[in-house]
Amino acid sequence: MWICYTRKRIVVRLKKSMEGHLPQILLPKSIPFFDQFPAGHHPYILDVVDVKADGHCGYRAVVAKLGMGEESWAVVRMNLLKELSEWRQEYVELFDGDERYEYLKKSLLVDHMSMVRMAKTLSFVLCISPFNFVPQLNLQAGTDKWMTIPDMEYVIANRYNAILVSLSMIQSLTIFLLRTQPPSNFTQHRIIAIGHVHGNYFVQVYPKYIKM
């Protein structure tokens, strides 16, 4: 009886001493919206991050990937509006006429009075620190104000001097700049990767970078 009890205590002690040395089993990370991307892309997606659904999701995803925080979505709208205005002729040709060009310009404005106030603030703040500007606007955007790809793809790439990667089940695109070219060293590339899910919603995508 004593021997059995002693052996039991030894076994318990051995189990406790081995607990700290047992290998940890790590379960695969669950990536949101993973099923919304082609299976061939899965090995190259590190993570997908959601943004607020208020009609500004496309601009939220872009500005978040730029490191400004998704609440700065209005900065992207104003910057893209400026891009379209400064390079009007280039985009009129790209959009095959004035009608589409004017429609896309209007789609960037959510509410007239709010945009006027924001523009005044933006013009002042961006001269100081564009990455610290966080406009707290609580405006819902109708479908005519949603960001659309491929409409805005070159506007985004050109404005932010970045390679835009847009992934979806319907069509995946990689957009390069029209006026300049990216650095020859791929480690210096500025990449904005976003995903279009459920046919009506944008999210942030964090790809795995493979050394060539």
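The model shown is predicted, which means the values in this text are computed figures rather than measured ones. (Residues numbered from 1 in each chain as written. Predicted model: local features only at pLDDT ≥ 70, side-chain atom pairs only at ≥ 80, totals over all residues. Heavy atoms only, no water.)

Looking now at the sheet that holds strand 5 (residues 201–207). Judged by pairing direction, the sheet is mixed, and its 5 strands sit side by side in the order 1-5-4-2-3 without closing on themselves. The open sheet has two edge strands with one neighbour each: strand 1 (45–49) and strand 3 (173–175). Between one strand axis and the next, the sheet turns through 25 degrees on average, direction left out of account. In terms of strand pairing, strand 4 (residues 191–197) meets strand 5 through 4 bridges, oriented antiparallel. Note on strand 5: the bridge partner recorded for His-196 is Phe-202. Along the sheet, helix 2 (residues 57–65) makes contact with strand 4 and strand 5, crossing strand 5 at roughly 20 degrees. Where helix 7 (residues 153–160) meets the sheet, its contacts fall on strand 2 (163–167), strand 3 and strand 4, and the angle it forms with strand 3 comes to roughly 40 degrees. (Pairing = 2+ DSSP bridges. Helix = DSSP H or I, 4+ residues; strand = E, 2+ residues; numbered from the N terminus. Axes fitted to C-alpha atoms, helices over the stretch in contact; angles between N-to-C directions. Contact = heavy atoms within 4.5 Å.)

Bringing the pairing of strand 5 into the picture now. Counting buried residues along strand 5, 5 of its 7 residues qualify, which places the element largely inside the surrounding structure. As defined by bridge partners, strand 1 adjoins strand 5 across 4 bridges and the pair is classed as antiparallel. Its bridge partner lying in strand 5, Val-49 is registered against Gln-204. Adjacent in sequence and paired antiparallel, strand 4 and strand 5 are bridged by 3 residues, among which His-198 carries a positive phi angle near 55 degrees. (Buried < 20%, exposed > 50% of the residue type's maximum accessible area, 1.4 Å probe, protein only.)

This next bit is on the pattern of salt bridges. Per the counting criterion, the structure on display carries 10 salt bridges. Arg-159 is paired through a salt bridge with Glu-83; the nearest N and O atoms lie 3.6 Å apart. With Arg-159 in helix 7 and Glu-83 in helix 3 (residues 73–86), the pair connects residues that are 76 residues apart, well separated along the chain. A residue is classified by how much of its surface remains accessible, and Arg-159, at 25% relative accessible area, is partly exposed. A relative accessible area of 1% places Glu-83 in the buried class. Glu-90 is the salt-bridge partner of Arg-179, the closest N and O atoms lying 3.0 Å from each other. Of this pair, Arg-179 sits in the loop between strand 3 and strand 4 while Glu-90 sits in helix 4 (residues 88–94), placing them 89 residues apart in sequence. Taking the relative accessible area as the measure of exposure, Glu-90 reaches 25% and is therefore partly exposed. Three or more residues joined by partner-sharing salt bridges are found here, namely Glu-83, Glu-86, Glu-90, Arg-159 and Arg-179. (Salt bridge = Lys/Arg side-chain N within 4 Å of Asp/Glu carboxyl O.)

Honestly, that's just the spatial picture; any functional story needs more than this.
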